[in-house]
Amino acid sequence: RRLLDALSDQAALAIERINLSKDFDKAQRAAERDRLQAALLTSISHDLRTPLASILGAADGLAGLPDLTVDDRKALLSTIQEEAERLNRFIANLLDMTKLESGAVTPNMGLVDVSEVVGSTLRRAERILAGHRVETALDPGLPMVRIDPVLFEQVLFNLLDNAAKYAPAGTIISMEGRRAGNLVSLRILDEGPGIPQADLEHVFDKFYRVRKADSQRAGTGLGLAICRGFVEAMGGTIEAGNRADRPGAVFTITLPAQAEATA
Ligand code: ADP
């Protein structure tokens, strides 16, 4: 974690600085890039190993301790499940980021009913959201939007994952869908600490994490960078902000409205 911490704050910026700086000659630039990439690989390996160690530990417990109570067994199994899911998300994030950076994201656009994607994302995120109360308020008759439903689900999933991660258990996570002129906006609101004003413009940067403590939690600092990349690839915008009514973050996705809802 400590290494990731340092990298999270520095790597993206450092690589950019090196690319721009005139003080570095070509060889130095290449050497420095190699060094940073090696450090990044080390930190990624660490992030892969931590959940794997928990999985192996729990599996060893299940296999080697014959007298476990049913409850202990259940606890070990859910550790395995949760840590495997975390690994899965981490790897998915890395792959998504690589695809975005190599320009390999080609959205498969179609006319989609926002409420259907919201529904399917909530089903997929059920386990992650289990500790929170989820409220959805989608205006009836929301117009259809032209998006790639798979990419869009990934965006909503990342936002819900963050809301669940940063807002305390038991608080409300809400999703609101509105029409505003010829735009459709979808907001995800939570009751967590929110995001300091000065960090708002950076949260979509790769590896950017607001609080030092955030790097103690599972995460890559890539989730929001992926969200922005995907939303923009679909012709929409995404913004971060804070709630006006109480502490908490708000993420707003805006897309052009396409046609009236069929329902
Ligand atoms: P991470 O893997 O760290 O969650 P993200 O790119 O998804 O990476 O988010 C970047 C940073 O933005 C987080 O580390 C956190 O500091 C902040 N952040 C994201 N979502 C929220 C939220 N709902 N509430 C408070 N802070 C948030």
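What you are looking at is a predicted structure, and each value in this text was computed from that prediction instead of being measured.

A. Fine view of the packing of aromatic side chains. Applying the stated criterion to the full structure yields 1 aromatic pair. Between Phe204 and Phe251, the aromatic rings sit 6.2 Å apart at their centres with planes inclined by 90°, giving edge-to-face as the arrangement. Of the two residues, Phe204 is situated in the loop between β5 (183–189) and α6 (223–233) and Phe251 in strand β7 (residues 249–259); the sequence distance between them amounts to 47 residues. Each member of the pair, Phe204 as well as Phe251, carries the same accessibility label: buried. The positively charged end of Arg124 is found above the aromatic ring belonging to Phe157, 4.2 Å away from the centroid.

B. Looking closely at the pattern of salt bridges. The tally for this structure, following the rule as stated, stands at 10 salt bridges. Arg86 is the partner of Glu83 in a salt bridge, and the nearest nitrogen-oxygen pair spans 3.6 Å. Taken together, the residues Glu83 and Arg86, both in helix α3 (residues 70–101) and 3 residues apart, mark about one turn of the helix. Taking relative accessible area as the criterion, Glu83 reaches 13% and is therefore assigned buried.

C. Seen up close, the environment of Glu85. Relative to the helices and strands, Glu85 is located in helix α3. The spacing of Glu85 and Gly194 is 109 residues in sequence and 26 Å in space, taken between C-alpha atoms.

D. Structural context of the nonpolar core. In terms of nonpolar packing, the biggest core is built from 50 residues, with Phe152, Leu156, Leu159 and Ile253 touching the most fellow members. Of all the elements, helix α5 (residues 149–166) adds the most residues to this core, at 9 residues. Leaving out residues up to four positions away in the same chain, Phe152 has contacts with Val117, Ile147, Leu186, Met234, Ile253 and Leu255.

E. The arrangement of the confidence of the model for the protein chain in detail. Averaged over every residue, the pLDDT of the protein chain is 86; residues scoring 70 or more account for 86%. Mean pLDDT values over the elements of the protein chain span from 53, in helix α1 (residues 2–20), up to 98, in strand β6 (residues 237–242). Low pLDDT, under 50, characterises residues 1–7; the predicted model gives this stretch 20 contacts beyond four residues in sequence or across chains.

F. Quick look at the packing of α5 against α6. α6 packs onto α5 with a crossing angle of 150° between their chain directions and a minimal axis gap of 9 Å. By the angle between their axes, α5 is roughly antiparallel relative to α6. Our pair here, α5 against α6, has a crossing hand that is left-handed. For the pair formed by α5 and α6, the contact residues are Leu151, Gln154, Val155, Asn158, Leu159 and Asn162 on the first element and Gly223, Leu224, Ile226, Cys227, Phe230 and Val231 on the second.

G. How the structure looks around α5. The end-to-end C-alpha separation of α5 is 26 Å, in line with the 26 Å expected for 18 residues at 1.5 Å each. Burial runs high along α5: 14 of the 18 residues are buried. Its side-chain oxygen 2.9 Å from the backbone nitrogen of Val150, Asp148 forms the N-cap of α5.

Conventions and cut-offs
Residues numbered from 1 in each chain as written. Predicted model: local features only at pLDDT ≥ 70, side-chain atom pairs only at ≥ 80, totals over all residues. Heavy atoms only, no water. Phe/Tyr/Trp six-rings, centres within 6.5 Å; stacked < 30°, edge-to-face > 60°. Helix = DSSP H or I, 4+ residues; strand = E, 2+ residues; numbered from the N terminus. Buried < 20%, exposed > 50% of the residue type's maximum accessible area, 1.4 Å probe, protein only. Lys NZ or Arg CZ within 6 Å of the ring centre and 35° of its normal. Salt bridge = Lys/Arg side-chain N within 4 Å of Asp/Glu carboxyl O. Core = buried A, V, L, I, M, F, W, Y, C linked by side-chain atoms within 4.5 Å. Contact = heavy atoms within 4.5 Å. pLDDT = per-residue confidence, 0-100. Axes fitted to C-alpha atoms, helices over the stretch in contact; angles between N-to-C directions. Parallel < 35°, antiparallel > 145°, perpendicular 65-115°, else oblique. Left-handed = near helix turned anticlockwise from the far one by under 90°. Expected span 1.5 Å × (residues − 1). Polar contact = N/O pair within 3.5 Å; in protein donor to acceptor, adjacent residues only side chain to side chain.

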